[in-house]
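Here's the letter readout for the chains.
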Amino acid sequence: MKQLNQEQAKRITDRVIGFSKADECNVSIQGNRTGNIRFARNSVSTAGLTEDMQLAVRVAFGKRTGTAVINEFDDKSLEKAVRRAEELARLAPENPEFVPSVGPQEYRPTQTFVTSTAGIDPDYRAEVAAASIGAARAKKLVTAGFFTDSTSFSVIANSKGVFGFQEFTDLSFTCTARTEDGRGSGWVTRSAVDARRFNAREAADIAIDKALRSMDAKALEPGRYTVILEPAATSEILGNMFSSFGARAADEGRSFLAKKGGGNRLGEKLFDEQVNIWADPWNPDVPVAPWDNNSMLARKRTDIIKNGRVASLGYSPYWAQKTGNQATAGHGNMIMAGGTKSLEELIAGTKKGIVVTRTWYIRMVDPQSLLITGLTRDGTFYVENGKIKHPVKNFRFNESPVTILNNIDELGKPEIIGGDEVPFQMVLPPMKVRDFNFTSLSDAV
C-alpha cells in the first residue's frame, strides 16, 4: 500500500466533496499496512503482511443520509461512490436524531507515528518469535503467541471545512507459556507506539517464570480476599466501566451513573479518593488521534474521575443539542494515576492476599451496577508475609469495577495496556484491593 501524504489526501477529499450535490458531505480515508507472526507449540505457524486503503463518503439531504465505501481512487470511482451515497440518502427515511456536521476544528497533532516501528520487517518479527520460543525450549516449556505491527494513516474531511490528517504506528504482543504436562501456565502482553520500548525476550521471560511457578496449584476456599491485580487483570474490567460514562444512558436511567428519581451523578463521589482517571490524546505513552472519527470533534484532555468524583460525562451531538449541553469528542485512551511501587513491592507489603495475573471470559451480569463475572488464569498465587508462598487454583469472581475502585488499599506504578482485548489504549497501575469476591473454583490453568 502506498501511504498517502497530507497533500495527496487533501486532493482526494476535495475531489470527493466537489462531486457532491448533497446538503453536506463527509469523507474519511483509512489506510494500513499490518504485519504479523503467530507461533504455537514452539514453532511459527503463520506470518504475513496485509495492506488496505478505503474511502467512505456520507452525504445528507436534510435529515436523510446515505453512505458508500470504496477502495478505488480514480475520479470515475470517486464520483460513482458519491452518486451511490446520494441515491441511498434519497431513499432513506429521515433520522429523527440527525445533527448537522461540525464546522472547522483545530486538530493539534499527536505523536502517534514513530519511524522505528514503521521500519519493522519480516526479520524483526521472526526475531520476536525466536526470542520467545528459544527461551521456552531452554526451560522445557511450550509457547504460543502473536505479534502484530502496523503503520497506518487516517483522514477526515467535510464540506464545512473540516480536514484532518494523522499517521500512526503501533505494535502488540501476547505470549502464553505452559509446562509440557499442562500443569503450569503463564502469560504476558505488551503494546507500544515505539518499537524501541519493546523487548520480546523480557516479555517472554515473564510468561515463562509464571508458568514455572504456577505448577501444582493448591485449592483455596472461595470468598473475599485482598488481591493484587496486575494491570492486565483489570484492563477489561475497567474498560467496561470506561465505556459507560455517556450522559444519555445516565440521564435515561440505563447506567450506573443514573440518579435515582432522574438525572445523572455528575460531581458525586463514587470511588476512593485515590482514583484519578483522565483522557489525553497527547499522552506520550498512549497517544491517539486528535479527533473523534464519529463526530469529527477535536479531542482535548478531559478528567473523567477526579479524587474519586465523577468529573465529566460524554455528550453525543444529538444528546448535547437535546439537553442544552456542549457536545464532546469520544475518548481514545484512558490514563489512571498510580503510585511508585512495583508489583513486587506491593506483594512485599501484603500480609495475606492473592496475586492475579489475568482475567478472562468476562461477561456482564447487571449493566446498571456494572456487576460482571469472569475467571482468573495464567498465574494466580497466594501471598503470605510479603512473599508468594504457592500457586493457587483459579477462581470465578463476581465483582463490579465500581466496588473495586472503592476498595483500593494501594496503587503501584502504571503500565501501558493495549491490544484487541481492551476498548481503549490504557495506562493502568497494579492495584491492591480488599474484599475481592471469589465465588467458586476453576480447574483450568
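Conventions used here
- Residues numbered from 1 in each chain as written.
- Predicted model: local features only at pLDDT ≥ 70, side-chain atom pairs only at ≥ 80, totals over all residues.
- Heavy atoms only, no water.
- Phe/Tyr/Trp six-rings, centres within 6.5 Å; stacked < 30°, edge-to-face > 60°.
- Helix = DSSP H or I, 4+ residues; strand = E, 2+ residues; numbered from the N terminus.
- Buried < 20%, exposed > 50% of the residue type's maximum accessible area, 1.4 Å probe, protein only.
- Lys NZ or Arg CZ within 6 Å of the ring centre and 35° of its normal.
- UniProt positions renumbered as here; feature names shortened; annotations may be inferred.
- Domains from an automatic or database assignment.
- Contact = heavy atoms within 4.5 Å.
- Buried area = accessible area lost by both parts, 1.4 Å probe.
- Salt bridge = Lys/Arg side-chain N within 4 Å of Asp/Glu carboxyl O.
- Polar contact = N/O pair within 3.5 Å; in protein donor to acceptor, adjacent residues only side chain to side chain.
- Axes fitted to C-alpha atoms, helices over the stretch in contact; angles between N-to-C directions.
- Left-handed = near helix turned anticlockwise from the far one by under 90°.
- Nonpolar A, V, L, I, M, F, W, Y, C, P; charged D, E, K, R; others polar.

Peer 1: Would you mind going over the packing of aromatic side chains in detail, with residue names and values included?
Peer 2: Under the counting rule described, the total for this entry stands at 14 aromatic pairs. Here the aromatic rings of tyrosine 225 and phenylalanine 395 are separated by 6.2 Å at their centres, their planes lie at 40°, and the arrangement is tilted. Of this pair, tyrosine 225 sits in strand 7 (residues 223-229) while phenylalanine 395 sits in strand 15 (residues 394-399), placing them 170 residues apart in sequence. Accessibility classification places tyrosine 225 together with phenylalanine 395 in one group, the buried group. The lysine or arginine in question, arginine 108, covers the ring of tryptophan 282, its NZ or CZ lying 3.8 Å from the ring centre. Positioned above the aromatic ring of tryptophan 187, the side-chain terminus of arginine 358 is 4.0 Å from the ring centre.

Peer 1: Before we move on, could you go through the UniProt feature "domain: Metalloprotease TldD/E N-terminal" (unreviewed entry) in the chain and cite the residues and values that matter?
Peer 2: UniProt's entry tags residues 27-89 with the feature "domain: Metalloprotease TldD/E N-terminal" (unreviewed entry), counted in the numbering of this structure. For residues 27-89, helix accounts for 24% and strand for 63%, while the C-alpha atoms at its two ends are 15 Å apart.

Peer 1: Pulling in residues and values, what's your account of unusual backbone geometry?
Peer 2: Even without being a glycine, aspartate 216 presents a positive backbone phi close to 55°. Along the chain, the position of aspartate 216 falls in the loop between helix 5 (200-213) and strand 7. Residues other than glycine seldom take positive phi values, yet asparagine 385 does so here, at roughly 50°. On the secondary structure map, asparagine 385 appears in the loop between strand 13 (371-384) and strand 14 (387-391).

Peer 1: Got a sec to walk through helix 6 (residues 231-242)? Specific residues and values, please.
Peer 2: Burial analysis of helix 6 places ten of its twelve residues in the buried class, the great majority of the element. Among all positions of helix 6, only Pro231, Ala232, Ala233, Thr234, Ser235, Ile237, Leu238, Gly239, Met241 and Phe242 are buried.

Peer 1: Hey, could you go over the domain arrangement of the chain for me, with residue numbers and the actual values?
Peer 2: Domains assigned within the chain are domain 1 (6-211) and domain 2 (213-238 + 338-441). For domain 1 and domain 2, the distance between their C-alpha centroids amounts to 30 Å. In this complex, domain 1 contributes 14 residues to the contact, which on the side of domain 2 involves 18 residues. Buried area between domain 1 and domain 2, both sides added, is near 1400 Å², and the carbon and sulfur share of it is 44%. In terms of surface lost to domain 2, no three residues of domain 1 exceed Arg183, Trp187 and Lys210, which account for 48% of the buried area on that side. If you look at where domain 1 meets domain 2, you find three salt bridges. Note that lysine 210 is salt-bridged to glutamate 230, the shortest N-O span being 2.1 Å. At the boundary of domain 1 with domain 2, the tally comes to ten residue pairs in polar contact (both at pLDDT 80 or more). Secondary-structure elements contributing two or more residues to the side of domain 1 that touches domain 2 are strand 5 (163-179), strand 6 (185-192) and helix 5. Counting residues per element, the side of domain 1 that touches domain 2 draws most heavily on strand 6, which supplies five residues.

Peer 1: An account of the environment of alanine 207 is needed here, citing residue identities and associated values.
Peer 2: As for its position among the elements, alanine 207 is in helix 5. Between the alpha carbons of alanine 207 and leucine 49 there is a distance of 26 Å; along the sequence they are 158 residues apart.

Peer 1: Outline the packing of helix 4 (residues 122-138) against helix 5, supporting the account with residue identities and numerical values.
Peer 2: Two elements in contact, helix 4 and helix 5, have axes whose closest approach is 9 Å; the angle formed by their N-to-C orientations is 35°. By crossing handedness, the relation of helix 4 to helix 5 is classed as right-handed. Where helix 4 abuts helix 5, its residues Val128, Ala131, Ser132, Ala135 and Ala136 lie against Ala200, Arg201, Ala204, Asp205 and Ile208. Class assignment of the residues belonging to the contact of helix 4 with helix 5 gives a composition of seven nonpolar, one polar and two charged.

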